[in-house]
Amino acid sequence: MSETASSVPEPLEPGLYIVATPIGNLGDITMRAADVLRRCDGVACEDTRVTGKLMKHLGISKPLWRYDDHSEHRDRGRLVESMRSRAVALVSDAGTPLVSDPGYRLVNDCRAEGIAVTVLPGPCAAIAGLSVSGLPNDRFLFAGFLPSKDKARRDVLAELADIDSTLIFYETSPRLTKSLAAIRDILPDREIAVGRELTKMHEELRRGLADGLIAWFDAHPPKGEIVLLIGPPLEQLASEADADALLLAALETSKASQAVAQVAKATGLDRKLLYARAMELKRG
Ligand code: SAM
């Protein structure tokens, strides 16, 4: 992948290029992202060591400048001014810049100064989690990280409780079971998906109700990066297929009797009928 004298890349038009990068699997870099990183004049990034590894993997050597939205206004002003004559790529440590990552102020300043802004879409953990979760995806709301303090976390969940959409959060592994406990208390009847280490070697997707997932993650303490998704309110559950989906999800993490108890609590459906259905589902 390294450049040779005969293949010196064409320079890019000056401006800001927002470049999505892989969320774990380096093979997920897009061809266009690699092309822009190869042709730009320099890369604004969160952590030069992290981006340095990606550049090394691609065989590209460029100046790397540390950037975050809290950088001094003066520094941002200089960076924006430089884009009148330079092509600058903005990347984050992983995924899509500006999605719970820096770049908002930079993009706004570029727009205000008439600097061209070009986007190169690509990997994003929230969207990867939604795609693989199997939760309803016709409407979804991405709400960033849940707060780390319990009261604030519960307030956010209460605020979002009635929204008729799948909710998507970023989460850290040490906080996962605390968040699941808050969801159990505030959104007790909702189906949940936990996507962990997506696209990486230890990728895992667990679906279930809060109780079952808490039991699972208490027994298997999670490590790594997590996307937490909460299905829409149960009023939407109208069909037997919906009850089946809940049962199947609960059976992934719990014994049949516990799964039935969770689904009965969540839906108000008859326990005996649910148990019979759970046995059918288990038999396949
Ligand atoms: N801008 C990034 C994106 O587009 O995915 C997200 C940046 S945010 C600071 C980092 C959070 O994304 C992590 O704490 C985790 O919640 C989530 N995340 C990143 N990579 C992930 C992965 N491979 N699997 C699951 N979640 C991931």
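Cut-offs applied
- Residues numbered from 1 in each chain as written.
- Predicted model: local features only at pLDDT ≥ 70, side-chain atom pairs only at ≥ 80, totals over all residues.
- Heavy atoms only, no water.
- Helix = DSSP H or I, 4+ residues; strand = E, 2+ residues; numbered from the N terminus.
- Contact = heavy atoms within 4.5 Å.
- Areas by Shrake-Rupley, 256 points an atom, 1.4 Å probe, with all protein chains shown as cover.
- Lys, Arg positive; Asp, Glu negative; His and termini not counted.
- Charge placed at Lys NZ, Arg CZ, Asp CG, Glu CD.
- 1 Å grid on protein atoms, 1.4 Å probe; cavity = no way out; pocket = protein on both sides within 12 Å on 5 of 7 lines; lining within 4 Å.
- Points joined across faces, edges and corners; volume = space filled by probe spheres on them.
- Nonpolar A, V, L, I, M, F, W, Y, C, P; charged D, E, K, R; others polar.
- Domains from an automatic or database assignment.
- Near = heavy atom within 4 Å.
- Polar contact = N/O pair within 3.5 Å; in protein donor to acceptor, adjacent residues only side chain to side chain.
- Sits in = over half its atoms within 2 Å of the grid points.
- Buried area = accessible area lost by both parts, 1.4 Å probe.
- Core = buried A, V, L, I, M, F, W, Y, C linked by side-chain atoms within 4.5 Å.
- Buried < 20%, exposed > 50% of the residue type's maximum accessible area, 1.4 Å probe, protein only.
- Axes fitted to C-alpha atoms, helices over the stretch in contact; angles between N-to-C directions.
- Parallel < 35°, antiparallel > 145°, perpendicular 65-115°, else oblique.
- Left-handed = near helix turned anticlockwise from the far one by under 90°.

Participant: Teacher, can you tell me more about the overall build of the protein here?
Facilitator: Scanning the protein from terminus to terminus reveals eleven helices and ten strands. Structurally, the protein occupies a C-alpha span of about 75 × 40 × 30 Å along its principal axes. The contacts of the protein with a sequence gap of at least 6 include a subset with a gap of at least 24, amounting to 71%. As presented, the protein carries roughly 14,600 Å² of accessible surface, and 53% of it is formed by carbon and sulfur atoms. Put simply, the protein has 36 plus and 40 minus side-chain charges, and the middle of one group is 4 Å from the middle of the other.

Participant: Even after reading the chapter, I still don't get the layout of surface pockets, so can you show me in this structure?
Facilitator: In this approach the atoms are scanned with a rolling probe the size of a water molecule, which exposes any empty space left behind. When its volume is computed, the largest pocket comes out at roughly 740 Å³. Contributing to the lining of the largest pocket are 34 residues, with Ile23, Asp93, Ala94, Gly95 and Glu225 lying nearest its centre. Among the secondary structure elements, those contributing two or more residues to the lining of the largest pocket are helix H2 (48–58), strand E7 (166–172) and strand E10 (225–230). If you tally residues by element for the lining of the largest pocket, the top one is H2, at four residues. The class makeup of the residues in the lining of the largest pocket is 15 nonpolar, eleven polar and eight charged. Per-domain counts for the lining of the largest pocket show at least three residues from each of domain 1 (5–123) and domain 2 (124–233).

Participant: Would you explain the site of the ligand in this entry?
Facilitator: The immediate surroundings of the ligand are formed by 19 residues, with Thr96, Val99, Asp101, Ala125 and Ile226 found nearest. Within the side chain of Tyr170, one N or O atom sits 3.1 Å away from an oxygen atom of the ligand. The fraction of the free accessible surface of the ligand (570 Å²) that becomes covered by protein chains is 90%. According to the grid-proximity analysis, the pocket containing the ligand is the largest pocket. Residue assignment for the shell around the ligand shows that the elements contributing at least two residues are E7 and E10. Ranked by the residues each element gives to the shell around the ligand, the list is headed by E10, at three residues. A class-by-class count of the residues in the shell around the ligand yields ten nonpolar, four polar and five charged.

Participant: So what exactly am I meant to see when it comes to the domain arrangement of the protein here?
Facilitator: On domain assignment, one finds that the protein holds domain 1 (5–123), domain 2 (124–233) and domain 3 (236–284). The straight-line distance from the C-alpha centre of domain 1 to that of domain 2 is 30 Å. Taken together, the contact between domain 1 and domain 2 spans nine residues of the former and ten residues of the latter. Across the domain 1 to domain 2 interface the summed buried area is about 680 Å²; carbon plus sulfur atoms make up 64%. Counting the surface domain 1 buries against domain 2, the share from its top three residues, Ile23, Val99 and Ser100, is 66%.

Participant: I would appreciate a short explanation of the nonpolar core in the present structure.
Facilitator: Considering soluble globular proteins, one finds that nonpolar side chains tend to be buried as a cluster. Of all hydrophobic cores here, the largest spans 22 residues; its most connected members are Leu157, Phe169, Leu180, Ile183, Ile192, Val194 and Leu228. For this core, the secondary-structure elements that each account for two or more residues are helix H6 (150–160), E7, helix H7 (176–186), strand E8 (192–196), helix H8 (210–219) and E10. Ignoring anything within four residues of it in the chain, the contact list for Leu157 reads Leu146, Phe169, Ala182, Ile183, Ile186, Leu187 and Ile230. Judged by nonpolar contacts, the second largest core, of 19 residues, contains Val19, Ile29, Cys40 and Leu120.

Participant: Could you clarify how one ought to interpret the packing of helix H3 (residues 73–82) against helix H4 (residues 104–112) in this entry?
Facilitator: The packing of two helices is summarised by the inter-axis angle and the distance between the axes. Look at H3 against H4: their axes get within 10 Å of each other, and the N-to-C directions meet at 55°. For the element pair H3 / H4, the angle class is oblique. When you trace H3 past H4, the crossing you get is right-handed. In this structure, H3 uses His73, Arg76, Leu79 and Val80 to contact H4, whose residues at the interface are Arg105, Leu106, Asp109 and Cys110. Grouping the amino acids of the contact of H3 with H4 by side-chain chemistry returns four nonpolar, one polar and three charged.

Participant: How should I be thinking about the side chain of Gln262 in this particular structure?
Facilitator: When you line up the elements, Gln262 lands in helix H10 (residues 256–267). If sequence neighbours within four positions are ignored, Gln262 has contacts with Leu209, Asp211, Gly212, Ala250 and Ser254.

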